[in-house]
Amino acid sequence: MLSNKKQYYFNLFFFFVTASSAFVVILFVVGIFLVLFKEAFPAISRYGIIRFIFLSSWDPVREIFGGAVPLVGTLTTSFLALIVAVPVALGIAVFITEVAPKRLGEIIGMAIELLAAIPSIIYGMWGLFTLAPLQAKYIEPFLQNLLGGIPLLGRLFSGNTLGIDIFTASIILSIMITPFTAAVARDAFLVVPPVLKESAYGMGATKWEVIKDVVFPYCKMSILGGIGLSLGRALGETMAVAFVLGNLNQFPTSLFSPTATVTVKLANEFTEADKDIHLAALFYLAFLLFIMSLTILGVSKYFIHKTQKK
Amino acid sequence: MIRRRKIINKLALFFCFLTALWGLFWLIFILFDIIRHGITALTPSLFLNEPTPPGIPGGGLKHALIGHLLITLTATLIGVPVGILGGTFLAEYGRNYIISRIISFIADIMISIPAIIVGTFVFAFMVKPMGHFSGLAGGVSLAIIMIPIIVRTTENMLSLVPWTLREAAFALGAPYYKVIFQVVYRGAGVGIFTGVILAIARVAGEAAPLLFTSFNNAYTTYNIFQPMASLTVTIFQYAMGPYEDWHKQAWGASFLITLFILLLAIVGRYLVRLKFKA
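Residues numbered from 1 in each chain as written. Chains lettered and ligands numbered in written order. Predicted model: local features only at pLDDT ≥ 70, side-chain atom pairs only at ≥ 80, totals over all residues.

Residue and element names in this part refer to chain A. Per the UniProt record, "transmembrane region" (unreviewed entry) is annotated on residues 12-37, 64-95, 107-126, 164-185 and 281-304. Taken end to end, residues 64-95 is 88% helix and 6% strand, and its first and last C-alpha atoms sit 51 Å apart. In residues 164-185, the share of helix is 91% and the share of strand is 0%. The end C-alpha atoms are 32 Å apart. (UniProt positions renumbered as here; feature names shortened; annotations may be inferred. Helix = DSSP H or I, 4+ residues; strand = E, 2+ residues; numbered from the N terminus.)

Right, here's the structure in full:
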């Protein structure tokens, strides 16, 4: 048995151990921010902020670095992925909570969660060896024939159908990020007060009308949060995209053109950058990505937290 | 009019059914593909042999398997204690402080922060000062990804333990640390364990943070201060490489990782259900 005094001091000791462990989390965020800023500083002072963001050349030989192409690439692939992923995720959440029998819903929910458990490098490799050849051979030529003739819209489907392009990358991304929106939406749908739904049913509304006019509006903050969460994931996804996007420093001209994203550039060039300014420019990209994901994730988590408290 | 509404209703619900099918389709497609290609690559030599020089068939992934285990182990040894202790502070000692809510919120964000950013961070603050890549740096970067996950699950699990249990122990004169060890941890044991399993499953498949930290190594090494091969980085290298034999081994490695992670994920979810049913 420890004496009372010793117990008191041990308790104090344990308090400090746990407290410092918790503060490690804050240390990470502040540390990442400061370290990335410090490493990127040579590039920040040399290229400035506005110039770096709008400059599209990336030339290690002449030491001119601009982040426009990877930044546009990151945003394009992420938004294209969202366009596919959001309706699918909401559909899945509705199916699990409102349509399917409880047992089946649970199984499907778990299967969709497994999609999120598969590592991104597996998605990448599968994309490179399985999906990209399928895209190049069947899907992309089919789309090109079908839609290529339409003015304006056809432009999106022009170019060589190699399978290594924005289109393939966005499809893989959309599969990867679907579970995040779906999970948040499902949890939100489950806590909609039954009385609200029943009152709408009582008025003679169909199931879809109840979902559309009662469930969705009630959960709109959570849904937005879930979408933000998926967007945050998509922005930072590396390995899945690295395989199927190429690493070409060129603005995409159609859905079938290769380009680069921030993460792909980092993955491909980071260990090979032999000039300090090249490395600093890469750190600059990482810093911008960090700020972007921090903001988007922060806002979406805020939305989700706020609705959970209600 | 009513008829039209009914048709729209049916169509919309059918669309929801299709989306679920769409999700399942990709899951089965991917898993089936990994199994199909992976099974044929699983030979004893994949586990037992060192890699051969590029282009020469044969050889295995012994170096990457051992490296991967060591890096994941390092991450677990660092990440699990820090994570559990941090979560304990948020749910116990610090539960009434505003700073705890802030930490909890930040941890929530950190869970989704791009893994590659963590890699660049560890590169700048560990690899650069040390002068070379190392398995330890890889372990640290995985631990950084792990800690917020474990902090949050531990916090949640501890909060589920009823306060009356703690009060009963306090009434017997137990100091807080004893209450935590002997009452709270016991009550939340399964939950914390589940969180740890899911966190390991999450980091075991990471490749991006290892690219700049543990890098790669063509030989087997047990020294965590040396550059170290890992299954995920090897998959990246082999799949991008030009040799048929490399591709096959990359499929084999993918199969192993996917199997391991899905097993962990399923066990974790099973434990969660067990806990909340009881």
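In this structure, A:Val25, A:Ile172, A:Ala185, A:Phe283, A:Tyr284, A:Ala286 and B:Met146 are the most contacted members of the largest nonpolar core, which totals 188 residues. With 18 residues, helix H12 (residues 276-309) of chain A is the largest single contributor of residues to this core. Residue contacts for A:Val25: discarding those within four places in its chain leaves B:Gly86, B:Ile103, B:Ile106, B:Ala107, B:Met110, B:Ile147, B:Pro148 and B:Val151. (Core = buried A, V, L, I, M, F, W, Y, C linked by C-beta atoms within 7 Å. Buried ≥ 20, exposed ≤ 12 C-beta atoms within 10 Å, placed from the backbone. Contact = placed C-beta atoms within 7 Å.)

This part takes up the environment of B:Thr258. Residues and elements named next belong to chain B. Along the chain, Thr258 turns up in helix H11 (residues 244-277). Since 22 C-beta atoms lie within 10 Å of it, Thr258 is described here as buried. The spacing of Thr258 and Ile56 is 202 residues in sequence and 27 Å in space, taken between C-alpha atoms.

This part is about the UniProt feature "domain: ABC transmembrane type-1" (unreviewed entry) in chain B. Per the UniProt record, "domain: ABC transmembrane type-1" (unreviewed entry) is found at residues 65-272 of chain B. Spanning residues 65-272 of chain B, this segment combines 79% helix with 0% strand, and its end C-alpha atoms are found 29 Å apart.

Those places that UniProt annotates as "domain: ABC transmembrane type-1" (unreviewed entry) correspond, in this numbering, to residues 71-300 of chain A. As a span, residues 71-300 of chain A carries 76% helix and 0% strand, and end to end its C-alpha atoms are 21 Å apart.

Once that is clear, we can look at the environment of A:Gly148. Checked against the element boundaries, A:Gly148 lands in the loop between helix H5 (120-147) and helix H6 (166-190). According to the C-beta neighbour criterion, A:Gly148 is partly exposed, with 16 such atoms within 10 Å.

Right, let's get into the packing of helix H3 (residues 68-99) of chain A against helix H4 (residues 102-117) of chain A. All names here are of chain A. Relative orientation of the contacting elements H3 and H4 amounts to 150°, with a least axis distance of 8 Å. Taken together, the axes of H3 and H4 lie roughly antiparallel to each other. The interaxial crossing formed by H3 with H4 has left-handed handedness. Mapping the contact onto sequence places Ile92, Ile96 and Thr97 in H3 and Gly105, Ile108, Gly109 and Ile112 in H4. Class assignment of the residues belonging to the contact of H3 with H4 gives a composition of four nonpolar, three polar and no charged. (Axes fitted to C-alpha atoms, helices over the stretch in contact; angles between N-to-C directions. Parallel < 35°, antiparallel > 145°, perpendicular 65-115°, else oblique. Left-handed = near helix turned anticlockwise from the far one by under 90°. Nonpolar A, V, L, I, M, F, W, Y, C, P; charged D, E, K, R; others polar.)

With 68 residues of chain A at the interface, the matching set in chain B holds 71 residues. Looking at the side of chain A that touches chain B, the element that brings in the most residues is helix H1 (residues 4-47) of chain A, giving 20 residues. Of the residues belonging to the side of chain A that touches chain B, the class tally is 48 nonpolar, 16 polar and four charged.

Helix length check: H1(A) (44 residues) gives 63 Å between terminal C-alpha atoms against 64 Å at 1.5 Å per residue, within 8%. After H1(A) finishes, the residue A:Gly48 shows a positive phi value of roughly 70°. (Expected span 1.5 Å × (residues − 1).)

On to the UniProt feature "transmembrane region" (unreviewed entry) in chain B. Residue and element names in this part refer to chain B. With numbering aligned to this structure, UniProt lists the feature "transmembrane region" (unreviewed entry) at residues 12-35, 65-90, 102-127, 133-151, 183-201 and 251-272. The span residues 12-35 is 100% helix and 0% strand, and its two end C-alpha atoms sit 35 Å from each other. Counted over residues 133-151, helix gives 89% and strand 0%. Its end C-alpha atoms are 28 Å apart.

Turning to the environment of B:Met110, a few remarks are in order. Positionally, B:Met110 belongs in helix H4 (residues 98-111). C-alpha separation for the pair B:Met110 and B:Ile144, spaced 34 residues apart in sequence, amounts to 9.0 Å. Apart from residues lying up to four places away in sequence, B:Met110 is in contact with A:Val25, A:Phe28, A:Val29 and B:Pro148.

Residue and element names in this part refer to chain A. Along its twelve residues, helix H8 (residues 207-218) runs 15 Å from first to last C-alpha, staying within 8% of the 16 Å computed at 1.5 Å per residue. Turning to H8, its buried residues number three or more, namely Trp208, Val210, Ile211 and Val215. Along the axis of H8, the buried residues cluster in a sector spanning 140°; they form a single face. Residues of H8 that are exposed and point more than 90 degrees away from the buried face comprise Asp213 and Pro217. (Arc of directions from axis to C-beta.)

Each pair of packed helices can be summarised by the angle the axes make with each other and by the distance between the axes. All names here are of chain A. As a packed pair, helix H7 (residues 194-202) and H8 sit with axes 10 Å apart at the nearest point and diverge in direction by 155°. Taken together, the axes of H7 and H8 are roughly antiparallel relative to one another. Of the two elements, H7 crosses H8, and the hand of that crossing is right-handed. Across from Leu196, Lys197, Ala200 and Tyr201 in H7, the residues of H8 making contact are Val210, Asp213, Val214 and Tyr218. Classifying every residue of the contact of H7 with H8 by side-chain character gives six nonpolar, no polar and two charged.

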